[in-house]
Amino acid sequence: MELLLALTIGILVACAVYLMLDRNVIRFLFGLILLSNAANLLIFLSGRLTAGAPPLIDEGLYAPTGVVANALPQALVLTAIVIGFGLLAFTLALVYRTYRSLGTVNSDEMRVAEPVAQEARR
Amino acid sequence: MSWLLVNPILIPLLTAVLAYMFRFNPAGRWISVAGTVALLLASVLMMAEVLEHGVIAAQMSNWQAPFGITLVADYLGAVMVVITAITGLATVIYSLAEIPERLERLGFHALLQVLMAAVCGAFLTGDLFNLYVWFEVMLISSFGLLVLGGSKEQLDGGIKYVTLNLVSTIMFLSGIGLLYGVTGTLNMADLHLAVREVENQGLLTTIAVMFLVAFGVKAALFPLFFWLPASYHTPPVAVSAIFAGLLTKVGVYAMIRTFTLIFDHDVGYTHQIMLWLAVLTMVTGVLGAAAMNDFRRILSFHIISQIGYMILGLALFTPLGLVGAVFYLVHHIIVKANLFFVAGVAKRIAGSTDLARIGGLYAHAPLLAFLFLIPAFSLAGFPPLSGFWAKYVLVKAALDLQMWFVAGVSLAVGLLTIYSMTKIWGAAFWPAHPEGKRPRLGDVPVGERLALMLPIIGLALLTCIIGLFPEPFVQFAETSAAQLLDSTDYVTTVLGVQP
Amino acid sequence: MNSLILTTATRLLVALLLVFSIYALLRGHNLPGGGFIGGLIGATGFILYIVATSAAEARAALRVDPASVAMVGVGVAALAGLMSAFVGQPFMTGQWLFLFAEPGEKGLPLSSVLVFDIGVYLAVFGGILTLVFALEEEI
């Protein structure tokens, strides 16, 4: 199972890098989404996989009984998913605004902040 | 004790909530000012406690370390929080005159306060994952500030800033995941002990390099800095100034923290890489600055070159090197924010930041010209200003290790810094305005003039004080460097046991 | 979107989702659920409303600015952490109040953890709706 997950992470990263090499910002964003999912899986995997019950403590006890899954990586992944979701949603909105404003999603054509003319002068 | 550490995070957060509620009301901006003053007081109180005890720590929610989230303040963390509050106060006052009501209505002050809360959180946390969370809060509020208003330049710069920073974030997250997998803990003090028991040291070095790349992007190290000069000159000046002062320095701080506390197992390898990255960062940054023709873009490239100096101090990994790094960190935040403020005033009265389109500032605004010279000379390293001592300590540290080349490069970079400062002087201050305009400070209404000049004068005064009386500051940096190199105090305070 | 089935069903579904979101919020302390997931479910309800009608109508139905809701949520969460100050414990330590408690019977447990969760609920609910409105109103 570990091997399978590791391979999945590898494939996700490979796809992400391929997408992120594109000049199209939307594709870059898709790559970023894949990459952040790969990172989440990585955290999950590095917490070791255990076939256990949910880490919930029964009433009246102070520790869970039996084999339970490691809760910490899951909490970390959940936090990372939440944050990643917020950031990616923001980025999507930003790309959309940029497209409306600059009329392009090609990063090579985005030269408003660093105009070619200003550098060619001198 | 515990509240001293929570206050610098809680105060700006609550101020943000209030400022957002009153964003349609002039009261909102005064809430923001009051909140920042309170933050400054809280951080000074915390500083006093740190000076007395060395390192202080607090366990959140009463969960003992290493299981809960710990807030820690040592000398470095405490001074960074104080300097954050000072820069924040300067920025808030400056923004009273610069930020139009339209942006205030969009929640400018709330975003600024959240940014400060996140920066303080990053400086105070003792948990690696919590550091990640603060980095994210910082990122999302900085995204908001950067594109607030949504002009074409801002959106263009924003895209580059956001995308590259997100990549670094994911790199950081993966590093955390792997480090947890190898050690089973994320508390930094606990990690300090845990990494020594890791069998596969090669894996640890790989993780260390992942952190180097992740923080390298945040700190704008060569060759990961391209987002910075693409975006820092686009937002309002108040935003540029606090970004220039604080954000990259959070990356540098994180790097100093992790590479002294956690990844000091293979200094010969990791810090060697860092050394050459630092040298290249200095050189490329200053060359970029020399090639630019815009006030703020020159300053943006200078940030990169100065980051090189700080990382150089860390890479040398000697007590003196770290003294230099800490001193440089503090000095640079003050000076760089101040230069951006000056650029903002120049834009306001002369009409642009493009050096070809402004001029006459020396003839018509001599006070501004004088106030430009103080941080500019300090940045270049002229005695007796703060930059001189920062550079002096670093060059001495390099010479002590007989790294002639590195020392030579850092001196040459200083020279090129003067060149580009002269370029600003020779275009914006010395010649007459190309359109025959008379850029006078007196044309700005009194209230706004006060808000614009007060932060500049205050920060310039601070630069002079550090420069003229460097002794206590150097001593402080020495203690701080000693704490960084010998983590016993830090680990004992956090974990509550002798390691 | 102009679908009679969707608009009719939405009225029922939005109400159900909002009630369910509060159920998820309250159940969260001991069982799967909580402020975050509750906030997401609540936001889903309004997103469905946006899809079925329009962003303007959904904004009118919401009555308050979602970003303000989010900021209030952050404030509530921070204040929940502050409650422990009154008993001299560190920031964020959970404080419990058992109303009508009798020996062997817990009564109605109220805690600062719940207040924190309500803050999270509001923050997530408001934050997500802010982003969705921003995307939706541009188009």
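Residues numbered from 1 in each chain as written. Chains lettered and ligands numbered in written order. Predicted model: local features only at pLDDT ≥ 70, side-chain atom pairs only at ≥ 80, totals over all residues. Heavy atoms only, no water.

Asks: Would you mind showing me how to read the overall build of chain B here?
Replies: A count of helical and extended segments in chain B gives 21 helices and two strands. By the compact-globule yardstick of 23 Å for 499 residues, chain B fits well, its C-alpha radius of gyration being 22 Å. For chain B, the spread of C-alpha atoms along the three principal axes comes to 70 × 55 × 40 Å. Expressed as a percentage of its 499 residues, the buried residues of chain B come to 67%. At a minimum sequence separation of 6, the contacts of chain B that also span at least 24 residues come to 81%. Per element, the accessible surface of chain B, about 15,600 Å² overall, is 68% carbon and sulfur. Of the charged side chains in chain B, 23 are positive and 25 negative; the average position of the first set lies 17 Å away from that of the second. (Helix = DSSP H or I, 4+ residues; strand = E, 2+ residues; numbered from the N terminus. Rg over C-alpha atoms; globule rule 2.2 N^0.38 Å. Buried < 20%, exposed > 50% of the residue type's maximum accessible area, 1.4 Å probe, protein only. Contact = heavy atoms within 4.5 Å. Areas by Shrake-Rupley, 256 points an atom, 1.4 Å probe, with all protein chains shown as cover. Lys, Arg positive; Asp, Glu negative; His and termini not counted. Charge placed at Lys NZ, Arg CZ, Asp CG, Glu CD.)

Asks: Which parts of the structure should I look at to understand the packing of aromatic side chains?
Replies: The geometry of two aromatic rings is summed up by the distance between their centres and the angle between their planes. Residue and element names in this part refer to chain B. In this structure the tally under the stated criterion is 37 aromatic pairs over all chains. Judged by centre distance (6.0 Å) and plane angle (70°), the rings of Y132 and F172 are edge-to-face. Here Y132, found in helix α6 (residues 128–147), pairs with F172, found in helix α7 (residues 152–183); they are 40 residues apart in sequence, far enough to count as distant. Aromatic pair W276 and F405: ring centres 6.1 Å apart, planes at 40°, arrangement tilted. Of this pair, W276 sits in helix α12 (residues 267–291) while F405 sits in helix α18 (residues 404–429), and the two are 129 residues apart along the sequence. For W276, a relative accessible area of 37% gives the class partly exposed. Of the residues examined, F405 reaches a relative accessible area of 54% and is grouped as exposed. Here the aromatic residues F129, Y132, F135, F172, F211, F215, F259 and F263 are joined through ring pairs into a cluster of three or more. Directly above the ring of Y20 sits R23, whose terminal nitrogen or CZ lies 4.0 Å from the centroid. One cation-aromatic arrangement involves K391 over Y309; the distance from NZ or CZ to the ring centre is 4.8 Å. (Phe/Tyr/Trp six-rings, centres within 6.5 Å; stacked < 30°, edge-to-face > 60°. Lys NZ or Arg CZ within 6 Å of the ring centre and 35° of its normal.)

Asks: Looking at this structure, how should I read helix α11 (residues 237–261) of chain B?
Replies: Residues that lie three or four places apart on an α-helix share one face, since the helix turns once every 3.6 residues. All names here are of chain B. The terminal C-alpha atoms of α11 lie 36 Å apart, and with 25 residues this matches the ideal 36 Å at 1.5 Å per residue to within 8%. Of all the bends in α11, the largest measures some 35° and sits at F243. For α11, the tally of buried residues reaches 25 of 25 residues, placing the bulk of the element in the interior. (Expected span 1.5 Å × (residues − 1). Bend = angle between axes of the 7 residues up to and from the residue.)

Asks: I keep staring at the UniProt feature "domain: NADH:quinone oxidoreductase/Mrp antiporter transmembrane" (unreviewed entry) in chain B and nothing clicks. Help me out?
Replies: Listed under "domain: NADH:quinone oxidoreductase/Mrp antiporter transmembrane" (unreviewed entry) in the UniProt record, and renumbered for this structure, are residues 126–413 of chain B. In residues 126–413 of chain B, the share of helix is 80% and the share of strand is 0%. The end C-alpha atoms are 35 Å apart. (UniProt positions renumbered as here; feature names shortened; annotations may be inferred.)

Asks: Help me out: how do you make sense of the interface of chain A and chain C in this one?
Replies: Counting from both sides, the interface comprises 12 residues of chain A and, opposite them, nine residues of chain C. With both chains or domains summed, chain A and chain C bury close to 860 Å², and 76% of this area falls on carbon and sulfur atoms. For the pair chain A and chain C, the interface holds zero salt bridges. Across the contact surface, chain A and chain C share zero residue pairs in polar contact (both at pLDDT 80 or more). Residues belonging to the side of chain A that touches chain C are distributed by class as follows: eight nonpolar, one polar and three charged. (Buried area = accessible area lost by both parts, 1.4 Å probe. Salt bridge = Lys/Arg side-chain N within 4 Å of Asp/Glu carboxyl O. Polar contact = N/O pair within 3.5 Å; in protein donor to acceptor, adjacent residues only side chain to side chain. Nonpolar A, V, L, I, M, F, W, Y, C, P; charged D, E, K, R; others polar.)

Asks: Which parts of the structure should I look at to understand the nonpolar core?
Replies: Across soluble globular proteins, nonpolar side chains have a tendency to be buried as a group. Within the largest apolar cluster, 220 residues are counted, with the highest numbers of intra-cluster contacts made by L128, F211, F295, F372 and F429 of chain B. Per-element accounting of this core gives the leading share, 21 residues, to helix α14 (residues 319–350) of chain B. Setting aside residues no more than four positions away along its own chain, F372 of chain B makes contact with F295, L339, V342, M421, I424, W425 and F429 of chain B. If you look at the next biggest cluster of nonpolar residues, it comprises 13 residues, including V124, I128, V132 and F133 of chain C. (Core = buried A, V, L, I, M, F, W, Y, C linked by side-chain atoms within 4.5 Å.)

Asks: Looking at this structure, how should I read the confidence of the model for chain A?
Replies: In regions of low pLDDT, the predicted coordinates are not meant to be interpreted in detail. Of all residues in chain A, 94% attain a pLDDT of 70 or more, and the chain-wide mean is 84. Confidence scores differ between elements of chain A, with helix α4 (residues 116–120) of chain A showing the lowest mean pLDDT of 57 and helix α1 (residues 2–20) of chain A the highest of 93. (pLDDT = per-residue confidence, 0-100.)

Asks: How should the interface of chain A and chain B be read in this particular structure?
Replies: Bring the parts together and some accessible area is lost; that lost area is often taken as the interface size. Each partner contributes residues to the interface: chain A has 41 residues there, and chain B has 40 residues. Taken together, the two surfaces of chain A and chain B that pack against each other cover about 3,500 Å², and 71% of this comes from carbon and sulfur. On inspection of chain A and its partner chain B, the count reaches zero salt bridges. Scanning the region where chain A abuts chain B turns up three residue pairs in polar contact (both at pLDDT 80 or more). Elements represented by at least two residues in the side of chain A that touches chain B include exactly α2 (25–46), α3 (71–102) and α4 of chain A. By residue number, the principal contributor to the side of chain A that touches chain B is α3 of chain A, which donates 17 residues.

Asks: Can you help me understand the pattern of salt bridges in this one?
Replies: Oppositely charged side chains are able to pair whenever their charged atoms sit close together. Residue and element names in this part refer to chain B. In this structure the tally under the stated criterion is 10 salt bridges over all chains. The salt bridge involving R29 is made with E104; its shortest N-O contact spans 2.8 Å. Of the two residues, R29 is situated in helix α2 (residues 27–53) and E104 in helix α4 (residues 101–105); the sequence distance between them amounts to 75 residues. For the residue pair R29 and E104, the accessibility class agrees, reading buried in each case. Residues R105 and E101 are paired through a salt bridge, measuring 3.1 Å at the closest nitrogen-oxygen approach. Residue R105 and its partner E101 are both found in helix α4; the two are separated by four residues, about one turn of the helix.

Asks: Sorry if this is basic, but what is going on with the UniProt feature "transmembrane region" (unreviewed entry) in chain A here?
Replies: Residue and element names in this part refer to chain A. Mapped onto this numbering, the UniProt entry gives "transmembrane region" (unreviewed entry) at residues 6–21, 28–51 and 71–96. Within residues 6–21, the helical portion is 94% and the strand portion 0%, while the C-alpha atoms at the span's ends are 23 Å from each other. Across residues 28–51, the secondary structure splits into 79% helix and 0% strand, with the terminal C-alpha atoms separated by 36 Å.

Asks: Help me understand the packing of helix α1 (residues 2–21) of chain B against helix α4 (residues 66–82) of chain C in this model?
Replies: The angle between the axes and the distance between the axes are what describe a pair of packed helices. Between α1 of chain B and α4 of chain C, the least distance of the axes is 9 Å, while the angle of their chain directions is 150°. As the angle between them shows, α1 of chain B and α4 of chain C are arranged roughly antiparallel. Like other packed secondary-structure pairs, α1 of chain B and α4 of chain C cross with a definite hand, here left-handed. Along the contact surface, α1 of chain B presents W3, L10, L13, L14, A16, V17, Y20 and M21 of chain B, while α4 of chain C presents A67, S68, M71, V72, V74, G75, A78, L79, G81 and L82 of chain C. Tallied by class, residues from the contact of α1 of chain B with α4 of chain C come to 15 nonpolar, three polar and no charged. (Axes fitted to C-alpha atoms, helices over the stretch in contact; angles between N-to-C directions. Parallel < 35°, antiparallel > 145°, perpendicular 65-115°, else oblique. Left-handed = near helix turned anticlockwise from the far one by under 90°.)

Asks: Before we go on, may I ask you to explain the packing of helix α3 (residues 75–98) of chain B against helix α20 (residues 470–485) of chain B in this structure?
Replies: Residue and element names in this part refer to chain B. Relative to each other, α3 and α20 sit at 130°, their axes nearing to 8 Å. Classified by the angle between their axes, α3 and α20 sit oblique to one another. Note on element contacts: α20 touches α3 through F476, T479, S480, Q483 and L484, opposite Y75, L76 and V79.

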